[in-house]
Amino acid sequence: MVSRSIEPGSTRTKSKTRSLPRSRKNGLRAIRTGAVPAVTLIPGDGVGPEVISAAVEVIKAAGVKIDWDRQAGGAAALKRFGNPVPDELLESLRRTGVALKGPLETRVGVGYRSINVFLRKTFDLYANLRPTHSFKGVHTPFRNVDLIVVRENTEDLYSGIEHEVAPGVVESIKVITARASKRIARFAFEYARQNRRRSVTAIHKANIMKLSDGLFLKCARAIAKGYPEIRYQEQIVDAACMRLVTDPSSFDILLLENLYGDIVSDLCAGLVGGLGLVPGANYGDKGAIFEAVHGTAPDIAGKDLANPIAAILSGAMMLDYLGRGAAAARIRAATGAVLRSGRVLTRDLGGKAGTREMTDAVIRAMHRQRG
Ligand code: NAD
């Protein structure tokens, strides 16, 4: 089953307006629970439009009204407007402060820089949270995997500072700051405290990158002192990967820099049945963008083959953030029931169902709960 744990933003107070972000110690804001929330909807590229429309339908079926502001981004926007990140998209995000987003294409080695990275940096969405749990009915080598990946989202080798020193020699700069390292560590420990998690493991390569990863660790250790009830441990990234695929239960919350976080997230997704299942959120002080861990999956795009569960569960994380926790719980229960029964599964999970069929099954399961 998926976690019922509360997302870090869920200790909500009723503020007068949700357009004003509330800075909290863990960097999240509280949202007014009464009104119809406005949310930017970015269908994205590849399988994005298919899985995002599945999430929108499921949210509607869960009884939540959202004022969606649909905006193009990535390759889709480049094709339509000649710009992968149009001003209208940025204005919409500034206005709503919340988005549900499909994956955006970033070409390998050439082309424009990642729009995902651009959005995370522009809106300072510094905490990438990726809850990764086993699902009953999805057969994998391990049962009861329950991992929370907390990834720093704004710096590291994603700084985009790359240059050619001389022909055949390039440099790529890894940027690690105490400010960003401390706030992501604080986010991880706050999450652990609010959700009664048992440990935080900082994952690093400080044996080689003594200054950069060394600073990250130093900051994590300093923050850990404020949370004596939560066990703090450290592990070198290569050994951590080996331990994750042999004994995932020895981890609880994983605290990582940007690049290690990206890689280890996909590894963790593999432990629970694949990228089609794992949701995610990018939180900042002024808003949040919710998106699955997976990319555009060009090999299956437009064929009704994509698993919509990761996008649907990202939608559930968004509902938690918007103060619609009961609807989020209904969605989690329905997706859990569909996976558990094993009758309607997409191909990545060994079934024959398409995106449409899986979405309908989740909606039916939700109606059954209500009826
Ligand atoms: P990917 O996640 O798109 O695909 C990896 C594999 O997982 C593929 O075999 C794909 O078919 C499968 N897969 C992914 N999502 C699935 C789903 N919902 N259901 C069933 N199978 C699924 O990774 P990639 O191929 O390395 O990247 C493709 C593109 O996506 C690249 O342009 C990359 O930059 C982009 N990307 C975007 C994001 C984002 O927008 N947040 C994240 C990762 C990758």
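A brief look at the structure comes next. As the structure is a computational prediction, the values presented were derived from the model and not from experiment.

### Remarks on the overall build of the protein chain
Part 1: Helices and strands together make up the secondary structure of the protein chain, namely 11 helices and 12 strands.
Part 2: In terms of overall dimensions, the protein chain is globule-like: its C-alpha atoms have a radius of gyration of 20 Å, near the 21 Å expected for 371 residues.
Part 3: Across the 371 residues that make up the protein chain, the buried fraction comes to 57%.
Part 4: Pairs at least 24 residues apart make up 72% of the contacts formed inside the protein chain by residues separated by at least 6 positions.
Part 5: Computed over 55 positive and 36 negative side-chain charges, the inter-centroid distance for the protein chain is 8 Å.

### Examining the environment of alanine 328
Part 1: For alanine 328, the position within the fold is in helix α10 (residues 325–341).
Part 2: Taking the relative accessible area as the measure of exposure, alanine 328 reaches 0% and is therefore buried.
Part 3: Expressed as a C-alpha distance, the spacing of alanine 328 and methionine 318, which sit 10 residues apart in the sequence, is 8.2 Å.
Part 4: Every residue in contact with alanine 328, bar those within four places of it in the chain, is listed here: Ala316, Leu319 and Asp320.

### Description of the packing of α10 against helix α11 (residues 355–370)
Part 1: Two elements in contact, α10 and α11, have axes whose closest approach is 8 Å; the angle formed by their N-to-C orientations is 115 degrees. Our pair here, α10 against α11, has a crossing hand that is right-handed. From α10, Arg330, Ile331, Ala333, Ala334, Thr335, Val338 and Leu339 reach across to α11, where they touch Met358, Ala361, Val362, Ala365, Met366, Gln369 and Arg370.
Part 2: Across the contact of α10 with α11, the residue classes break down as 10 nonpolar, two polar and two charged.

### Structural notes on the pattern of salt bridges
Part 1: By the definition in use, this model includes 17 salt bridges.
Part 2: Here glutamate 57 ties to arginine 356 by a salt bridge, and the two come within 2.6 Å at their closest N and O atoms. Of the two residues, glutamate 57 is situated in helix α1 (residues 48–61) and arginine 356 in helix α11; the sequence distance between them amounts to 299 residues.
Part 3: Since its relative accessible area comes to 29%, glutamate 57 is described here as partly exposed.
Part 4: For arginine 356, a relative accessible area of 38% corresponds to the partly exposed category.
Part 5: Here aspartate 238 ties to lysine 205 by a salt bridge, and the two come within 3.1 Å at their closest N and O atoms. Placement of aspartate 238 in helix α7 (residues 237–246) and of lysine 205 in the loop between β8 (199–204) and α6 (212–224) is noted, with a sequence separation of 33 residues between them.
Part 6: On the accessibility criterion, aspartate 238 (43% relative accessible area) is partly exposed.

Reading the values: the criteria
Residues numbered from 1 in each chain as written. Predicted model: local features only at pLDDT ≥ 70, side-chain atom pairs only at ≥ 80, totals over all residues. Heavy atoms only, no water. Helix = DSSP H or I, 4+ residues; strand = E, 2+ residues; numbered from the N terminus. Rg over C-alpha atoms; globule rule 2.2 N^0.38 Å. Buried < 20%, exposed > 50% of the residue type's maximum accessible area, 1.4 Å probe, protein only. Contact = heavy atoms within 4.5 Å. Lys, Arg positive; Asp, Glu negative; His and termini not counted. Charge placed at Lys NZ, Arg CZ, Asp CG, Glu CD. Axes fitted to C-alpha atoms, helices over the stretch in contact; angles between N-to-C directions. Left-handed = near helix turned anticlockwise from the far one by under 90°. Nonpolar A, V, L, I, M, F, W, Y, C, P; charged D, E, K, R; others polar. Salt bridge = Lys/Arg side-chain N within 4 Å of Asp/Glu carboxyl O.

Fair warning: the whole summary comes from geometry, so function is off the table for now.
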